[in-house]
Each structure stands twice: as structure tokens, then as C-alpha cells.
Amino acid sequence: MDVKKYIASGILELYVSGGLSPEENLEVQHYAIKHPEIQEEIEAIEKAILRLTAAASPGLPENGFTSIRSELDDVIPFAPSASKKKTPWIHYLGWAASLIFAIGLIWVYLENQDLKTEVQMVNGQKQQLEEEILNARELVADKDAIETMLNMLRNRDITVIPLGGQTIAPESYARAYWNKKEKKVYLDVQGLPDPPSGYTYQVWSLKLDPLTPTSIGILDDFVSNETAIFELSNPNESEAFGITLEPEGGSETPTLEQLYTLGAVGP
């Protein structure tokens, strides 16, 4: 069995994304046990997918939506009406009633203050809820983006090209996901070091015989891109992809002495 050809076929990406039949899954598991290189490639693909779906959103607070409470109107103090008549012959009872009335007013006042405090708390919770709703909407949008990315990876039209490190940086690596129908390439460049000041990475589509490079993009925002995922247009009939380090603004032709990664498109 040609392990490298098997890895380059794209079946491992379909295995990780759940696009194979049960029989095909068993076959991949069998080969992964038999060939450590295949198991390592599966783990690398899983990590790449996690980075592809990393649009994280910042997440909801721990208390979630349990803080939802109805908004209260401003509390209007209750002023009980005065007694219509007093019985003149119950003098002491009148004094007692006045005392009870005064105590009642104090109680209503204190209750009113407590309710005002509660209203302030609920208003604060309302504002927090509004922020949570906004965060939830962003989370839904992120989920939609993640689902779109996963569907893209599960597409059988996707060709996956591992880009290995070259002489100048043998520890470097990258991975290209090429959709020929849509003429797009998604590049995962997590394995590239930050470019030095005044330089940028440039991506090349290559024809091999004769060697003909065509630039398909410059990774200007490499450092600020937290996901390390780039989407580039590629209308070319590519036979390989390479990434070189070039002066800011890019170059007309690749600087081969600064070739960081290179990978051929499988059959």
C-alpha cells in the first residue's frame, strides 16, 4: 500500500468530517492502526478543522438567560384615604388608629424604597439581557459560518494538498483546501512563523512542466489573522502550491531561496 498516495487522496478528510460510509470508516481505522503515518495525519486534520471553526465568538455569561425578569413600571407611592368619620366618643381608639396609620405610612414608604431598588436592579438585568441577546445573535452567526465551513470540507470536490517545509524552514507546514468548481483555495498556515518586518508571505499556483508560477495572493494580514485561515481565488489549473517570503507588496516571480512550503496536487 502506498501510504503517501492514500493520505493525498482526501479520504482522511472525509473520514474526519463524517462523509464516509461505515464500511469505509472501518477501512480507514484499520489502516490507521497499521500505519502510524495515517493516524498522525488524521490527528493533524482534526486540529486543522478545529482551527477552521474557530470564530469564536466570546460566549455567553454563566448565568445565561436565567436573569430574564419582567420590566417593572415606576412605583407610585400608595396614599391611603383618610377615614371618613371618627367616632367622637372613642377618644383613645382614635389615638391608636392615628398611631397605626403613621406606622402604615412608614411601612409603605420603606416598601416603596425597596421596590425602587428592585426596579433599578431589574433595569440593570434588562440591560445585561440585551447584551446577552446581541451575543447570542453573534453566536448564531458564528454557528452558521462554522456549518458553512464544515459543509465545504465535506464536499467531495475539495482537494486537500499538504504543503511541507522546505530547506529554509523545514519545520514549517501548511495545508491547502482547493475547490476547483468554485475556483477557491482555503489556506491553513498555522505552521508558518510570523514574517519579519518588511516582508510578507506570497502564495503561488504552479505548473510543473515547465515550471510556471502564478501568484494567487499575498498574506498581508498574517499576524493579525487569529485563525490563520486565508481564502484566495484560484482560477488556474494548478499542479502544485508554494508559499514564499517576499518583500512587502509581493514579487513578480517567487524567490526560490525563500520557499517555505511546497506541495503537489495529488492525482
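Structure shown above.
Just so you know, these numbers come straight off a predicted model, no measurement behind them. (Residues numbered from 1 in each chain as written. Predicted model: local features only at pLDDT ≥ 70, side-chain atom pairs only at ≥ 80, totals over all residues. Heavy atoms only, no water.)

## Considering the overall build of the chain
Assigned secondary structure in the chain consists of five helices and eight strands. The order of α-helices and β-strands along the chain, N terminus first, is α-α-α-α-α-β-β-β-β-β-β-β-β. Taking all 267 residues of the chain together, the buried fraction comes to 33%. Taken as a whole, the chain presents about 17,200 Å² of accessible surface, with 56% of it coming from carbon and sulfur. (Helix = DSSP H or I, 4+ residues; strand = E, 2+ residues; numbered from the N terminus. Buried < 20%, exposed > 50% of the residue type's maximum accessible area, 1.4 Å probe, protein only. Areas by Shrake-Rupley, 256 points an atom, 1.4 Å probe, with all protein chains shown as cover.)

## Concerning the pairing of strand S4 (residues 199-208)
A large share of S4 lies buried, amounting to seven of its 10 residues. Both S4 and strand S7 (residues 240-247) contribute to a ladder of eight bridges, which runs antiparallel. Across the sheet, residue Tyr 201 finds its bridge partner in S7, namely Leu 245. Pairing between S4 and strand S5 (residues 211-219): eight bridges, direction antiparallel. Its bridge partner lying in S5, Leu 208 is registered against Leu 211. Linkage of S4 to S5, two consecutive antiparallel strands, is achieved through a turn of two residues. (Pairing = 2+ DSSP bridges.)

## Overview of the nonpolar core
Counting residues in each nonpolar core, the largest one holds 23 residues, and the members touching the most others are Leu 187, Val 189, Tyr 201, Leu 219, Phe 241 and Ile 243. Only strand S1 (158-165), strand S2 (173-179), strand S3 (184-188), S4, S5, strand S6 (229-233) and S7 provide two or more residues apiece to this core. Non-local contacts of Leu 187, meaning those with residues more than four positions away in its chain, are made with Leu 163, Arg 175, Ala 176, Val 203, Ala 228, Ile 229, Phe 230 and Leu 232. Among the nonpolar cores identified, the runner-up in size contains 13 residues, and Tyr 6, Ile 11, Ile 38 and Ile 49 belong to it. (Core = buried A, V, L, I, M, F, W, Y, C linked by side-chain atoms within 4.5 Å. Contact = heavy atoms within 4.5 Å.)

## Some remarks on unusual backbone geometry
What you tend to see is this: most non-glycine residues have negative phi, and most peptide bonds are trans. With an omega of -5°, the peptide bond between Asp 209 and Pro 210 qualifies as cis. The residue Pro 210 is located in the loop between S4 and S5 in this model.

## Things to note about the environment of Ile 7
Looking at the element boundaries, Ile 7 is found in helix H1 (residues 3-8). For Ile 7 and Glu 41, which are 34 residues apart along the polypeptide, the C-alpha to C-alpha distance reads 7.4 Å. Apart from the residues lying within four places of it in its own chain, the contact partners of Ile 7 are Leu 12, Glu 37, Ile 38 and Glu 41.

## Remarks on the sheet that holds S6
Strand order across the open sheet formed by eight strands is S5-S4-S7-S8-S1-S2-S3-S6, with antiparallel pairing between neighbours. Pairing within the sheet leaves two strands with one partner each, and these edge strands are S5 and S6. Pairs of neighbouring strands in the sheet enclose a mean axial angle of 25°, with direction left out of account. Contacting S1, S2, S3 and S6, helix H4 (residues 36-52) crosses the sheet at an angle of about 70° to S2. (Axes fitted to C-alpha atoms, helices over the stretch in contact; angles between N-to-C directions.)

## Things to note about H4
Along its 17 residues, H4 runs 24 Å from first to last C-alpha, staying within 8% of the 24 Å computed at 1.5 Å per residue. Within the span of H4, buried status applies to Ile 38, Glu 41, Ile 42, Ile 45, Ala 48, Ile 49 and Leu 52. The arc enclosing the buried residues of H4, seen along the axis, measures out at 125°, which places them on a common side. Exposed residues pointing more than 90 degrees away from the buried face of H4 are listed as Pro 36, Glu 40, Lys 47 and Leu 50. (Expected span 1.5 Å × (residues − 1). Arc of directions from axis to C-beta.)

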